[in-house]
Amino acid sequence: MKCSLPLAVLAATFHIHVQAQDFVQSPYQDLGLSSTVVADFNGDNRPDVLGIQFGASPNKLVIQLNAGADSIAFNLKDLNLNFDAMGRPAAGNMDGDQDVDFVVASGDNLALQLLLNDGAANFTVTPLGVSGSNLLQIVDIDKDTDPDIVGINTIDNTLTIYRNDGSLNFTAQTILSGSDNLEVFAIGDLDNDNDPDIAVGYYQFTGKQIVLLTNKGDGSFNQTTLVNNNFSSIEGILIDDINGDNKNDILAIRSFGCTAFLNQGMLSFTQQSLVSASNIVRSFCTGDFNGDGRTDIVLGTNSAGLFWYKNLSNTTLEFEQGTVGGVSPAFSVVPGDFDNDDDEDLIVSNGEFWWYDNKIIQEQSSTLNFAERTITLYPNPFTDVIQLTDIGSDAYTVRISDLFGRTVFSEKNVSNSIKIGMLAPGTYVLSLINNKTRQALSMTIVKAR
């Protein structure tokens, strides 16, 4: 099925506001830390930061363990590994024991290493016997409940899936290869069939520039070109529901701005410019930074610092520009609540390590705890089906996210039974969203092996 784009491209609309202080920048951290990944590695319910210290001999893997109670603070832990870490790691529960492991490429041949966590951020190295990708993500790509690995090689221009047989034995399958300049990729459900699809970005001026790989359900893909010839110099891509319509959109950055490809259903997308900066954009992320229930955007620039854009309307996608801080170039920006105050802070890396404490006045939260309502959920842990009781007559949408905030399942007008046996074993966040009031009921759920 072809993806369609209208000829007209909608223009960005955003306002500039003056606010005393949106974020507070950390002191300088002389760590040389890049390729950061946020996850709770030691089981204390606070997000930590995994990264690579490039330029060491060999490149070192370290974790900034979250030491903050009501302020942001970290303790550095050197993992003391004897291989040369490369690219960008991926974190996830690989062995079903409910703690966060990670996978990283090593050496010139990009051999994949599995780091199994004992639950306290102590890791055992297991070579996986496969190689060839430097930018990695962990996802159950073929819905067999075992976490697989997806990676790209930005030198050889390949995209490879490393399939898990359930016993941590992996088989490499190359999905894309060629001379096109493969730069970035993102994973998420784009056709609402509850399996992960892949959006790929090519850094080139002509030819295909964004390609969709839609999952057939068994880990094989249909390939369609979303953008050809008019989206050159792509720097980043992600999949998120930017307009709150329960369909994942594609967001991408290039040159001086961020563009959305809004999901119309049936793999049809409408292109719309969202926000722009006065400097070349190098990184971006999404999140609800002011607690109003709408998805905002943060852009990191080459030499003008970072900016956040408050989403004023899911209908029109108008944004109001605010300031994060002056760190530049901002090669990566990653959100997370690092001081337990229920708002989204930021980690920024550019060969140095910075954090930004969110000081934006939070609007009245639209999220309630299950304990404050009569709705109950069981069993938890679950294996196949979750049951809801006393859901009432209101219509609800269910959304399930992994520990990194990525939507892995969504369904409108949910009944008392939610069939989610296709999820890989691990910990997730389930949200019930009232379709009328937009209030959300959220809790942690665990898929048993």
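What about empty space enclosed by the protein?
Item 1. Counted according to the given criterion, the structure contains one cavity of 30 Å³ or more.
Item 2. Empty space within the largest cavity amounts to approximately 90 Å³.
Item 3. The wall of the largest cavity is formed by Asp 189, Asn 192, Asn 194, Asp 241, Asn 246, Lys 247, Asn 248, Arg 399, Thr 407, Phe 409 and Ser 410.
Item 4. Ranked by residue count, the leading element in the lining of the largest cavity is strand 34 (residues 407–411), at three residues.
Item 5. Here the lining of the largest cavity is built from residues that sort into one nonpolar, six polar and four charged.

Things to note about the nonpolar core
Item 1. By size, the foremost hydrophobic cluster in this structure holds 20 residues, and its most contacted members are Ile 400, Ile 420, Leu 430, Leu 432 and Ile 445.
Item 2. Going through the elements one at a time, strand 32 (385–389), strand 33 (396–401), strand 36 (426–434) and strand 37 (440–447) are the ones with two or more residues in this core.
Item 3. Ranked by size, the runner-up nonpolar core spans 19 residues in total, among them Val 37, Ile 63, Leu 79 and Val 100.

Concerning the pattern of salt bridges
Item 1. This structure, assessed with the given rule, holds eight salt bridges.
Item 2. For the salt bridge of Lys 208 with Asp 180, the shortest nitrogen-to-oxygen distance reads 3.6 Å. With Lys 208 in strand 17 (residues 208–215) and Asp 180 in the loop between strand 14 (170–176) and strand 15 (182–188), the pair connects residues that are 28 residues apart, well separated along the chain.
Item 3. Its relative accessible area of 22% is what places Lys 208 among the partly exposed residues.
Item 4. Arg 399 is the partner of Asp 241 in a salt bridge, and the nearest nitrogen-oxygen pair spans 3.5 Å. Residue Asp 241 is found in the loop between strand 19 (234–240) and strand 20 (249–254), and its partner Arg 399 is found in strand 33; the two are separated by 158 residues along the sequence.

Remarks on the confidence of the model for the protein
Item 1. Within the protein, residue pLDDT values average 87, and 90% of them lie at 70 or more.
Item 2. The model gives residues 1–9 a pLDDT under 50, and that stretch makes 22 contacts with residues more than four places away or in other chains.
Item 3. Here residues 365–371 scores under 50 on pLDDT; set against residues more than four positions off or in separate chains, the count is 19 contacts.

What counts and how
- Residues numbered from 1 in each chain as written.
- Predicted model: local features only at pLDDT ≥ 70, side-chain atom pairs only at ≥ 80, totals over all residues.
- Heavy atoms only, no water.
- 1 Å grid on protein atoms, 1.4 Å probe; cavity = no way out; pocket = protein on both sides within 12 Å on 5 of 7 lines; lining within 4 Å.
- Points joined across faces, edges and corners; volume = space filled by probe spheres on them.
- Helix = DSSP H or I, 4+ residues; strand = E, 2+ residues; numbered from the N terminus.
- Nonpolar A, V, L, I, M, F, W, Y, C, P; charged D, E, K, R; others polar.
- Core = buried A, V, L, I, M, F, W, Y, C linked by side-chain atoms within 4.5 Å.
- Buried < 20%, exposed > 50% of the residue type's maximum accessible area, 1.4 Å probe, protein only.
- Salt bridge = Lys/Arg side-chain N within 4 Å of Asp/Glu carboxyl O.
- pLDDT = per-residue confidence, 0-100.
- Contact = heavy atoms within 4.5 Å.

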